[in-house]
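Structural overview for review
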Amino acid sequence: MEKTQPFENAEVLDKQTVFQNEFEKLTSIFAEVEESKRKLVAGLIQEAAFLYAENYELRNMLKLTGMIRINPDIPSQQKPIPAAAQYLKNLNSYAVVVKTLNGVLSKNIIEPDDGMEEFE
């Protein structure tokens, strides 16, 4: 199992490298899936890797800026940072794509014969 690092201690990579790493990871996960299903989800794998890389870059920026801007003179006056809103939109889209990909993987699993067919 590969070890993941917390965001704060992680090495900062360029967006293309992050995209390529995520694309290769997802592609390897689908290596055993039948070819027709792999072709079907090829675009989703690319989109997932793109969203992951975009959010990686946004997350690094948000580590510096925070997700909201607080008026130093009137702390109750706050303004959301547009990058934070985009980050959350991307995160939701990424979650939907990963859920869809996981559904394809789940349908690819051939369950062993348990002999229960005769009772159904």
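Structure report, in brief. (Residues numbered from 1 in each chain as written. Predicted model: local features only at pLDDT ≥ 70, side-chain atom pairs only at ≥ 80, totals over all residues. Heavy atoms only, no water.)

1. Some remarks on the nonpolar core
Leu26, Phe30, Val33, Val41, Ile45, Ala48, Leu51, Tyr94, Val97, Leu101 and Val104 form the largest nonpolar core, which has eleven residues in total. Broken down by secondary-structure element, the contributors of at least two residues to this core are helix H2 (35-65) and helix H3 (82-108). (Core = buried A, V, L, I, M, F, W, Y, C linked by side-chain atoms within 4.5 Å. Buried < 20%, exposed > 50% of the residue type's maximum accessible area, 1.4 Å probe, protein only. Helix = DSSP H or I, 4+ residues; strand = E, 2+ residues; numbered from the N terminus.)

2. Digging into the side chain of Asn55
Mapped onto the elements, Asn55 comes out in helix H2. Within the structure, Asn55 has its side chain in polar contact with the backbone oxygen of Tyr87 (distance 3.2 Å). Sequence-distant contacts of Asn55, defined by excluding residues within four places in its chain, comprise Gln86, Tyr87, Asn90 and Leu91. (Polar contact = N/O pair within 3.5 Å; in protein donor to acceptor, adjacent residues only side chain to side chain. Contact = heavy atoms within 4.5 Å.)

3. Concerning the packing of aromatic side chains
A full pass over the atoms with the stated rule returns two aromatic pairs. Ring centres of Phe19 and Phe23 lie 6.0 Å apart, and the angle between their planes is 10°; this geometry places the pair in the stacked category. Of this pair, Phe19 and Phe23 both sit in helix H1 (residues 15-29), four residues apart, roughly one helical turn. For Phe19, a relative accessible area of 18% translates into the label buried. Assessed through its relative accessible area of 24%, Phe23 is described here as partly exposed. On the numbers, 5.8 Å between centres and 45° between planes, the contact of Tyr52 with Tyr94 is tilted. A residue pair is termed long-range when its members are at least 10 positions apart, and Tyr52 in helix H2 and Tyr94 in helix H3 qualify at 42 residues. (Phe/Tyr/Trp six-rings, centres within 6.5 Å; stacked < 30°, edge-to-face > 60°.)

4. A few points about the pattern of salt bridges
One pass over the structure, following the stated rule, counts four salt bridges. Here the salt bridges share partners, and the residues they tie into one network are Lys15, Glu54 and Glu57. (Salt bridge = Lys/Arg side-chain N within 4 Å of Asp/Glu carboxyl O.)

5. Here's the deal with H2
Given a rise of 1.5 Å per residue, 31 residues ought to cover 45 Å, and the 44 Å separating the end C-alpha atoms of H2 matches this to within 8%. Buried within H2 we find Val41, Ile45, Ala48, Ala49, Leu51, Ala53, Asn55, Tyr56, Leu58, Arg59, Asn60 and Leu62. Packed against the buried residues of H2 are H1 and H3. At the C-terminal side of H2, Gly66 shows a positive phi close to 80°. (Expected span 1.5 Å × (residues − 1).)

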